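Chain residues, written in single-letter form:
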Amino acid sequence: MSFTDELRDDADEVWSAIYDHPMVAGIGDGTLDEENFRYWLRQDYVYLVDYCRLFALGAAQAPTLERMGTFATLLSETLHTEMDLHREYAADFDISAAELEATTASPTTQAYTDFLVRIASMGTFGELVAALLPCMWGFNDTGRRLREDGLPDEDRYAEWIRTYSSDEFTELTEWCKSLMDDVAASATESERERYRRLFLTSARYEYAFWDAAWRREEWSV
């Protein structure tokens, strides 16, 4: 059993809860209230800004030139391609680029991104990989499950499912899983245990991010 197989077992309960969450179920059958998805789009844009920082820090910490180059590519693709696509997709929901830029991070978004940037800034390269993996892997897992159920009639939600279940996104996810396996292979048992804890924490934040969108979470004061 590979290390990521073990991680999958650890995260299975969390990812099943994500798949069963009414936010995700509503995307899957096309019935989700647009306002909930608009909230999610705005918060995801805020999240992507700090996700770019993770790739930059990953490039800085990478132990080989090959891995440095890959993280630099991921940074460029996210910053210049994915975020452009996110802006275009948000426009389909009548959210302007200015609105995205003006979005204030929710308490959950702030907590999640602060956790990721702290691990990337203060932790090891392996810890960084473990912390960032659940975002890619969780979206790919959710997208593929929803696609197996059949695409909804709502084209915009169907596009979300197609994006995260695509061969391209699956390939990226598999690369990140392979990287985690490579890093774990040379790690001590205490380091692997640290990776497991960080991975599970990020997976739980992924669930919390969906739930915050369902509740349209705001700061209380």
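What comes next is a walk through the structure. (Residues numbered from 1 in each chain as written. Predicted model: local features only at pLDDT ≥ 70, side-chain atom pairs only at ≥ 80, totals over all residues. Heavy atoms only, no water.)

Of regular secondary structure, the chain possesses 10 helices and 0 strands. Each helix and strand of the chain, placed in order from N terminus to C terminus, yields the pattern α-α-α-α-α-α-α-α-α-α. Based on the C-alpha atoms only, the size of the chain along its principal axes is roughly 45 × 35 × 35 Å. Long-range pairs, those at least 24 residues apart, make up 81% of the contacts in the chain with a sequence separation of at least 6. Only carbon and sulfur atoms are counted for the fraction: they give 49% of the accessible area of the chain, which is about 10400 Å². Taking the average place of the 20 positive charges on the side chains of the chain and the average place of its 44 negative ones, the gap between the two points comes to 4 Å. (Helix = DSSP H or I, 4+ residues; strand = E, 2+ residues; numbered from the N terminus. Contact = heavy atoms within 4.5 Å. Areas by Shrake-Rupley, 256 points an atom, 1.4 Å probe, with all protein chains shown as cover. Lys, Arg positive; Asp, Glu negative; His and termini not counted. Charge placed at Lys NZ, Arg CZ, Asp CG, Glu CD.)

What follows covers the packing of helix H2 (residues 22–29) against helix H8 (residues 155–165). At a minimum axis distance of 8 Å, the contact between H2 and H8 shows a crossing angle of 110°. Judged on the interaxial angle alone, H8 and H2 are roughly perpendicular. Between H2 and H8, the contacting residues are Gly 26, Ile 27 and Gly 28 on the first element and Tyr 157, Trp 160 and Ile 161 on the second. For the contact of H2 with H8, a count of residues per class yields 4 nonpolar, 2 polar and no charged. (Axes fitted to C-alpha atoms, helices over the stretch in contact; angles between N-to-C directions. Parallel < 35°, antiparallel > 145°, perpendicular 65-115°, else oblique. Nonpolar A, V, L, I, M, F, W, Y, C, P; charged D, E, K, R; others polar.)

Now for empty space enclosed by the protein. Under the criterion given, the structure shown has 1 cavity of 30 Å³ or more. A volume near 30 Å³ is recorded for the largest cavity. Considering the residues around the largest cavity, the lining is formed by Asp 44, Tyr 47, Tyr 112, Cys 135, Phe 139, Glu 206 and Phe 209. Put simply, the parts of the chain that give the lining of the largest cavity at least two residues each are helix H3 (34–61), helix H7 (125–149) and helix H10 (189–215). Split by residue class, the lining of the largest cavity holds 5 nonpolar, no polar and 2 charged. (1 Å grid on protein atoms, 1.4 Å probe; cavity = no way out; pocket = protein on both sides within 12 Å on 5 of 7 lines; lining within 4 Å. Points joined across faces, edges and corners; volume = space filled by probe spheres on them.)

This part is about the packing of aromatic side chains. Here the structure, examined in full by the defined rule, presents 28 aromatic pairs. Plain terms: the ring middles of Phe 93 and Tyr 157 are 6.2 Å apart, the flat faces sit at 20° to each other, and that makes the pair stacked. Of this pair, Phe 93 sits in the loop between helix H4 (65–91) and helix H5 (97–101) while Tyr 157 sits in helix H8; the two residues are 64 residues apart in sequence, bridging distant segments of the chain. Residues Phe 93 and Tyr 157 agree in their burial class; the two are buried. A connected cluster of aromatic rings, assembled from ring pairs, spans Phe 37, Trp 40, Tyr 89, Phe 93, Phe 139, Tyr 157, Trp 160, Tyr 164, Phe 169 and Trp 210. In this structure, Arg 145 is placed above the aromatic ring of Tyr 19, and the distance from its NZ or CZ to the ring centre is 5.2 Å. Across the ring face of Phe 93, the terminal group of Arg 156 is positioned such that the distance to the ring centre comes to 4.2 Å. (Phe/Tyr/Trp six-rings, centres within 6.5 Å; stacked < 30°, edge-to-face > 60°. Buried < 20%, exposed > 50% of the residue type's maximum accessible area, 1.4 Å probe, protein only. Lys NZ or Arg CZ within 6 Å of the ring centre and 35° of its normal.)

Let us now look at helix H9 (residues 167–185). Two residues of an α-helix separated by three or four positions point the same way, owing to the 3.6 residues in each turn. Its 19 residues give H9 an end-to-end C-alpha distance of 27 Å, which sits within 8% of 27 Å, the value for a rise of 1.5 Å per residue. When H9 is considered as a whole, its buried residues turn out to be Phe 169, Thr 170, Thr 173, Cys 176, Lys 177, Leu 179, Met 180, Val 183 and Ala 184. (Expected span 1.5 Å × (residues − 1).)

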